[in-house]
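# Overview (structure and organization)
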Amino acid sequence: AQGDFASAAEMLRQVLDLSREVLGERHVDTLRAKGNLALALHAQGDFASAAEMKRQVLDLRREVLGERHPDTVMAMGNLANTLYELGDFASAD
């Protein structure tokens, strides 16, 4: 199953690159693509890379959508899950 995650992550990188090129870094669909790649990295066990990418997604969602938007709240939860996996319990609270 690990190979499937690697293939998925590579395809998600391509989607993210295209989305950035066509829609721009701050477009909601680009943020969604970046979040999906971060989830794939998490599934592969690359928690450090996933956390970095999820932080970027959260920061941009806060700027673009606002603190209380459901997508921003979901991004916050996704980051907290990854920080928990890294043992960063203080930041995950």
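Just so it is clear, the model here is predicted, and its values are computed rather than measured. Each chain has its residues counted from 1, running along the sequence as written. Given that this is a predicted model, residues contribute local features only at a pLDDT of at least 70 and side-chain atom pairs are listed and counted only at 80 or more, while totals for whole chains, interfaces and linings are drawn from all residues. Water and hydrogen atoms were dropped before computing side-chain values, which therefore reflect all heavy atoms in the structure.

## Let's talk about the overall build of the protein
Note on conventions: DSSP H or I runs of at least 4 residues are helices, E runs of at least 2 residues are strands, and numbering of each starts at the N terminus. Along the protein, the regular secondary structure elements total 5 helices and 0 strands. The order of helices and strands in the protein, counted from the N terminus, is α-α-α-α-α. Dimensions of the protein, computed from C-alpha atoms along their principal axes, come out at roughly 40 × 35 × 15 Å. Whether a residue is buried, partly exposed or exposed follows from its accessible area with a 1.4 Å probe, protein chains only, as a fraction of its type maximum: under 20%, in between, or over 50%, in that order. Of all 93 residues assigned to the protein, the portion counted as buried reaches 28%. Contact definition: two residues touch when any of their heavy atoms are within 4.5 Å. Partitioning the intrachain contacts of the protein with sequence separation of at least 6 by distance along the chain shows that 47% fall at a separation of at least 24.

## What to know about the environment of Asp71
The residue Asp71 is located in helix H4 (residues 70-85) in this model. Residue Asp71 is classed as partly exposed on the basis of its relative accessible area, which comes to 21%. Sequence separation between Asp71 and Val57 is 14 residues, and the spatial gap between their C-alpha atoms is 10.0 Å. Not counting the four nearest positions on each side in its chain, Asp71 is found in contact with Arg32, Arg61 and Leu65.

## Quick look at the packing of helix H2 (residues 28-44) against H4
Between H2 and H4, the shortest axis-to-axis distance is 11 Å and the interhelical angle comes to 20°. The angle between the axes of H2 and H4 places the two elements in the roughly parallel class. In the crossing of H2 with H4, the sense of the turn from one axis to the other is left-handed. Facing Arg32, Leu39 and His42 of H2, the residues of H4 in contact are Asp71, Asn78, Asn81, Thr82 and Glu85. Classifying every residue of the contact of H2 with H4 gives 1 nonpolar, 4 polar and 3 charged. Orientation is described by lines fitted to C-alpha atoms, with helices fitted over the stretch in contact, and by angles between N-to-C directions that extend from 0 to 180 degrees. Small angles under 35 degrees read as roughly parallel and large ones over 145 as roughly antiparallel, with 65 to 115 read as roughly perpendicular and the rest as oblique. Two helices that cross are described as forming a left-handed crossing if the nearer one is turned anticlockwise from the farther one by less than a right angle, and a right-handed crossing if clockwise. When residue character is reported, Ala, Val, Leu, Ile, Met, Phe, Trp, Tyr, Cys and Pro are called nonpolar, Asp, Glu, Lys and Arg charged, and the others, Gly included, polar.

## Overview of the environment of Thr82
Its location among the elements puts Thr82 in helix H4. Sequence spacing of Thr82 and Ser49 is 33 residues, and the spatial spacing of their C-alpha atoms is 9.8 Å. Dropping the residues within four chain positions of it, Thr82 is found in contact with His42, Phe47, Ala50, Ala51 and Lys54. For this analysis, a polar contact is any N or O atom pair within 3.5 Å, provided that within protein one partner can donate a hydrogen and the other can accept it, and provided that sequence-adjacent residues contribute only side-chain to side-chain pairs. A polar contact is formed between the side chain of Thr82 and the side chain of Lys54, at a distance of 2.5 Å.

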